[in-house]
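Letter by letter, the chains look like this.
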Amino acid sequence: MIKECDMAKDMLPSFLQKAEVVSEASRETCVALSDCLNLFTKQEGVRNFKLEQEQEKNKILSEALETLATEHHELERSLVEGSPPRSILSEDEFYDALSESESEQSLSRLEAITACSLEEEGEPLSSRKHRMSEGKDCGGGDALSNGIKKHRTSLPSPMFSRNDFSIWSILRKCIGMELSKITMPVIFNEPLSFLQRLTEYMEHTYLIHKASSFSDSVERMQCVAAFAVSAVASQWERTGKPFNPLLGETYELVRDDLGFRLISEQVSHHPPISAFHAEGLNNDFIFHGSIYPKLKFWGKSVEAEPKGTITLELLEHGEAYTWTNPTCCVHNIIVGKLWIEQYGNVEITNHKTGDKCVLNFKPCGLFGKELHKVEGYIQDKSKKKLCALYGKWTECLYSVDPATFDAYKKNDKKNTEEKKNSKQVSTSEESDEMPMPDSESVFVIPGSVLLWRIAPRPPNSAQMYNFTSFAMVLNEVDKDMEGVIPKTDCRLRPDIRAMENGEIDQASEEKKRLEEKQRAARKNRSKSEEDWKTRWFHQGPNPYNGAQDWLYSGSYWDRNYFNLPDIY
């Protein structure tokens, strides 16, 4: 026992020495851990500080947007009730800015003044075929031709990047104003006039020819509905703003391959109204209308409400259809990726049979399930459902038996409610970001018939302002065409031509020059009390629904272009 105690006494210094080493190592480890903890705490503090800063910025921006939107509505009311503050509507700062009351007075003056006789306003459908022969006997086929035989597949220059430009710096000055009266930097434009943009309604003209070929009125309505949906399909991803047409500006398009010719004219500047008239080369249809695009700024988005009536006449059947387009909204105009949706009801009326097609362009909703969707019914005059239509305005449109469609909708609604109940989703804040749809394609209900499918865009579309193949050719011109078209045709606008050629500085200078020239011409007319007279259209009631409209006066295709205004 004594021996063991002696051995333990001898080993004690060694144990103590090792304990000191372990203790020192533990201290160093603790110091290191403490330093790491301090560093982590410091980094976490920085991150929290940055997060608080971002949250504060977002809060300030949201409050600012809410305030601006409120000011917008208040100022809009003041524009209707009386004159706006001069600080808001400065003619030096904005493009031909007028108050709403002035716009209404301009419209009233236009109602009292027409360039031509209104004798044709009550003209029956059966007598319109004779007028359509106008221009076809003057020089044979030359009266129809405007020089272009083979169409281009690309623009002369790709689009400019908008990443270095802030649209907010412009729009923050526009609260309480209609955006159609604002001078926008040319970088936010696309190299087309709004008159040319309207012409894109005609991209799927084959649907009109197809409608004329059917003997059944329901089948004709299906094709007309498909045409109405296809008319807005080209707007998808087209976030560039078309150039505002100058008063008296015109545009023509002759497409022998598609079987139509079209003439359009900017008939009013305040409010901005564009009138168009297209006709089939085989005397099978007339398609006409007048559009007043009323734009509103809602803080995070711009909404375009296309006021005006669109009319399609199928001459072989003595039928006339009328409708208005859905509302278009561009989101994320301040920050984020721009995206477009169409929403609202479109009611197409067959004025001969009394049949109606009511289409609902659905808003995307919070979760994006309804993004791009269109659905509705064709009903007879007693409101009996004859057919159901569904699809997406960006893709396609189908028809199906209404009972089959209703059963599918009922089952789909049940499945949707089950999915919602199985998910815990926060809806505390609505986002303006583009929601992702459940799928990019439309689920085809068994028994459906395809009415229309969009044509794929060209491979270079993204570099060419997201133009379709049809849009790519709208501004093309050659020397033969220049000798045929009138000098007011927007193909001859120097600002649009410069932008198409990639000369952005020249386009900006020319745009400013044309706006100043138009403003000076308006002032001169005001001083001399001279009223503007339209050349190719006159104002009058729509022959079928009585709404205020602009109707084609005739004689354009005679090619006798005298006393045209010098607008460029």
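Just so it is clear, the model here is predicted, and its values are computed rather than measured.

The rules we used
Residues numbered from 1 in each chain as written. Predicted model: local features only at pLDDT ≥ 70, side-chain atom pairs only at ≥ 80, totals over all residues. Heavy atoms only, no water. Helix = DSSP H or I, 4+ residues; strand = E, 2+ residues; numbered from the N terminus. Buried < 20%, exposed > 50% of the residue type's maximum accessible area, 1.4 Å probe, protein only. Contact = heavy atoms within 4.5 Å. Salt bridge = Lys/Arg side-chain N within 4 Å of Asp/Glu carboxyl O. Phe/Tyr/Trp six-rings, centres within 6.5 Å; stacked < 30°, edge-to-face > 60°. Lys NZ or Arg CZ within 6 Å of the ring centre and 35° of its normal. Core = buried A, V, L, I, M, F, W, Y, C linked by side-chain atoms within 4.5 Å. Disulfide = S-S within 2.5 Å. Expected span 1.5 Å × (residues − 1). Pairing = 2+ DSSP bridges.

## Notes on the overall build of the protein chain
Alright, step 1. Within the protein chain, the regular secondary structure consists of 12 helices and 18 strands.
Alright, step 2. Looking at the protein chain as a whole, 49% of its 568 residues are labelled buried.
Alright, step 3. For the protein chain, restricting intrachain contacts to residue pairs at least 6 apart in sequence, the fraction spanning at least 24 positions comes to 67%.

## Digging into the pattern of salt bridges
Alright, step 1. For the structure on display, the rule yields 20 salt bridges.
Alright, step 2. Ionic pairing is found between Glu-347 and Lys-356, a salt bridge with its closest N-O pair at 3.3 Å.
Alright, step 3. You can call Glu-347 partly exposed: its relative accessible area is 40%.
Alright, step 4. Sharing partners across several salt bridges, the network here consists of Glu-190, Arg-197, Glu-200 and Arg-238.

## Section: the packing of aromatic side chains
Alright, step 1. Scanning the model with the defined rule gives 16 aromatic pairs in all.
Alright, step 2. Their ring planes at 85° and their centres at 5.9 Å tell us that Trp-536 and Tyr-561 sit as a pair that is edge-to-face. Taken together, the residues span a long stretch of sequence, with Trp-536 in the loop between helix 12 (504–527) and strand 17 (537–541) and Tyr-561 in the segment after strand 18 (548–552) at a distance of 25 residues.
Alright, step 3. Residue class for Trp-536 comes out buried when judged on its relative accessible area of 3%.
Alright, step 4. Chaining the aromatic ring pairs together yields one cluster made of Tyr-201, Phe-227, Phe-276, Phe-287 and Trp-323.
Alright, step 5. When the ring centre of Phe-562 is taken as origin, the NZ or CZ atom of Arg-535, which lies over that ring, is 4.6 Å away.

## Thoughts on the nonpolar core
Alright, step 1. Core analysis: the biggest nonpolar cluster contains 74 residues, and Phe-287, Trp-323, Ile-348, Leu-359 and Leu-389 have the highest contact counts within it.
Alright, step 2. Among the elements that make up this core, the one with the highest residue count is helix 7 (residues 217–230) (nine residues).
Alright, step 3. Sequence-distant contacts of Trp-323, defined by excluding residues within four places in its chain, comprise Val-224, Phe-227, Ala-228, Phe-287, Gly-308, Thr-309, Ile-310, Leu-312, Val-346, Glu-347 and Ile-348.
Alright, step 4. Core analysis: the next-biggest nonpolar cluster, separate from the first, contains 13 residues, Val-254, Val-267, Phe-537 and Tyr-552 among them.

## Brief notes about the environment of Gln-235
Alright, step 1. Here Gln-235 lies in the loop between helix 7 and strand 2 (241–243).
Alright, step 2. Along the backbone, Gln-235 and Trp-393 are 158 residues apart, and their C-alpha atoms lie at a distance of 9.7 Å.
Alright, step 3. When sequence neighbours within four positions are dropped, the list of residues in contact with Gln-235 reads Arg-197, Cys-328, Ile-340 and Gln-342.

## What to know about unusual backbone geometry
Alright, step 1. Residues His-270 and Pro-271 are joined by a peptide bond in cis, for which omega reads 0°.
Alright, step 2. Of note, the phi angle at Ser-555 is positive, near 80°, even though the residue is not glycine.
Alright, step 3. Looking at the secondary structure, you find Ser-555 in the segment after strand 18.
Alright, step 4. What makes Ser-555 partly exposed here is its relative accessible area of 38%.
Alright, step 5. The residue Asn-563 is not glycine, and still its phi comes out positive at about 55°.
Alright, step 6. Checked against the element boundaries, Asn-563 lands in the segment after strand 18.

## What to know about the state of the cysteines
Alright, step 1. One pass over the full model with this rule turns up zero disulfides.
Alright, step 2. As a non-bridged cysteine, Cys-328 has Cys-329 as the owner of its nearest cysteine sulfur, 7.3 Å distant.
Alright, step 3. Take Cys-357: it sits in no disulfide, and the sulfur closest to it among the cysteines is that of Cys-387, at 8.1 Å.
Alright, step 4. Judged by relative accessible area, Cys-357 falls into the buried class, the value being 0%.

## Remarks on helix 12
Alright, step 1. The terminal C-alpha atoms of helix 12 lie 35 Å apart, and with 24 residues this matches the ideal 34 Å at 1.5 Å per residue to within 8%.
Alright, step 2. Every buried residue of helix 12 is listed here: Ile-504, Ala-507, Glu-510, Lys-511, Leu-514, Glu-515, Gln-518, Arg-519 and Arg-525.
Alright, step 3. On its buried face, helix 12 is in contact with strand 1 (189–193), strand 2, strand 4 (260–269) and helix 11 (494–500).
Alright, step 4. Where helix 12 ends, the next residue or the one after it, Glu-529, has phi of about 55°, a positive value.

## Regarding the pairing of strand 14 (residues 385–392)
Alright, step 1. The element strand 14 is extensively covered by neighbouring structure, given that six of its eight residues are classed as buried.
Alright, step 2. Direction of pairing for strand 13 (residues 373–379) relative to strand 14: antiparallel, over a ladder of seven bridges. Among the inter-strand pairings, Ile-378 is bridged to a residue of strand 14, identified as Cys-387.
Alright, step 3. Linking two consecutive strands that pair antiparallel, namely strand 13 and strand 14, is a turn of five residues; a positive phi of about 70° is found at Lys-383 within it.
Alright, step 4. The loop that links strand 14 with its antiparallel partner strand 15 (residues 396–400) comprises three residues.

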